[in-house]
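As a plain string of letters, each chain reads:
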Amino acid sequence: VSRYARLALADGAVRWVALEGEEAHALDRAPWLGGTRTGAVVEGRPLAPAEPSKILCVGRNYRAHAAELGNPLPAEPLLFLKPPSALLEPDGVLELPPAETSERVEHEVELALIVGRRLRRASLDEAAAGIFGLTIGCDVTARDLQKRDGQWTRAKGFDGFCPLGPVVATGCNASAIELSAHVNGERRQHGSTAAMVFSPAELLAYASAIMTLEPGDVVLTGTPEGVGPLRDGDAVVLEASGIGVLRFSVKATR
Ligand code: ZN
C-alpha cells in the first residue's frame, strides 16, 4: 500500500507528496501521471487529494440505504455529478446553506475512486485497471432540496458538499473496505463496500460508455445506510479501513 497526499506549503506552493511514516516526499506531478520524487521532504496543510475535471457519483448503490429512504434499487447505476467547486479539504469547515434555502443537510460516507488513466468505453478489466487509488468522500446532500427538485444538481452541488481525503491509498481491495461515519462521537453509519450493488469496476465501465473519465477524476460509489442530519457545530469523522480518517466540521451561515 502506498499513500499520497496534496499539500499547500507555507510559501503558497501546492505539491503532491508520497507519504512515508511521518515524512512527505514531494513529487514533480500527480502520482497517477507518473510523478517522481524531487528529493525534497516538505510540510504543509492537506488539500483534497484530487484535481478532477468532474466528480461522478452514484445513488442507491447499497440495498439498505435505498430502503431507508424508501427507494427501490435501480436496475442500472444511477449517476449524477457534483461540481469540482464542491470539494472541501481535510479538516475543513462545511458551511451549511442558509436555513431558508435548506433545513435538512445530511452526511453520506462513501468510498471514493481516483481515476488513474483515461477510460472511454472501458471493459470491466480496463475499468478495474483504471482505478489508481482510493480515498474517502462525503456526499453531502440537502435532502429537502433533493426531494423538491427531482434532479439533484442543487441538492448535491453547494460549495463544500464534497469533503475528500485525506490521502489516496493504492493497493487496497476496493470491495473490502469498512466505512464508518461518526458525528460528535456517535456512530451513524457503518458498512462494507462488499455490499455494493454495482462494483467499482462496473461503475467505471458503465460511466465510461457515457463520458470519458480522465486521470484525476473522482468517483463516489454510494453510501451505506445510516445517513443523518448535519447541524451547526457538528464534528464529523469518516473512516475507511486501510485508507485513513477524514475529518470536517460544520457551521451555519451567519
Ligand atoms: Zn451518495
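Just so we're clear, the structure is a prediction, and the values are computed from it rather than from any experiment. (Residues numbered from 1 in each chain as written. Predicted model: local features only at pLDDT ≥ 70, side-chain atom pairs only at ≥ 80, totals over all residues. Heavy atoms only, no water.)

> Explain the overall build of the protein here, please?
The helix and strand inventory of the protein stands at five helices and 20 strands. Expected size for 254 residues packed as a compact globule is a radius of gyration near 18 Å; at 17 Å, the protein falls within 12% of this value. Seen through its C-alpha atoms, the protein measures out along the principal axes to roughly 50 × 45 × 25 Å. A burial count over the protein gives 52% of its 254 residues as buried. Partitioning the intrachain contacts of the protein with sequence separation of at least 6 by distance along the chain shows that 72% fall at a separation of at least 24. On the protein, roughly 11100 Å² of surface is accessible, and the fraction owed to carbon and sulfur atoms is 48%. Taking the 26 positively charged and 32 negatively charged side chains of the protein as two groups, their mean positions are separated by 3 Å. (Helix = DSSP H or I, 4+ residues; strand = E, 2+ residues; numbered from the N terminus. Rg over C-alpha atoms; globule rule 2.2 N^0.38 Å. Buried < 20%, exposed > 50% of the residue type's maximum accessible area, 1.4 Å probe, protein only. Contact = heavy atoms within 4.5 Å. Areas by Shrake-Rupley, 256 points an atom, 1.4 Å probe, with all protein chains shown as cover. Lys, Arg positive; Asp, Glu negative; His and termini not counted. Charge placed at Lys NZ, Arg CZ, Asp CG, Glu CD.)

> What's the story with the coordination of the zinc ion in this structure? I'm lost.
Each donor-metal-donor angle in an ideal tetrahedron of four donors is 109.5 degrees, and each such angle in an ideal octahedron of six donors is either 90 or 180 degrees. The protein atoms that coordinate the zinc ion are Glu108 (OE), Glu110 (OE) and Asp139 (OD), at distances of 2.0 to 2.1 Å. Of note, the zinc ion draws all its donor residues from one chain, in the sequence arrangement E-x1-E-x28-D. The exposure class of Glu110 is buried, given its relative accessible area of 1%. (Donors = N, O, S within 2.8 Å, 3.2 Å for Na, K, Ca; no water.)

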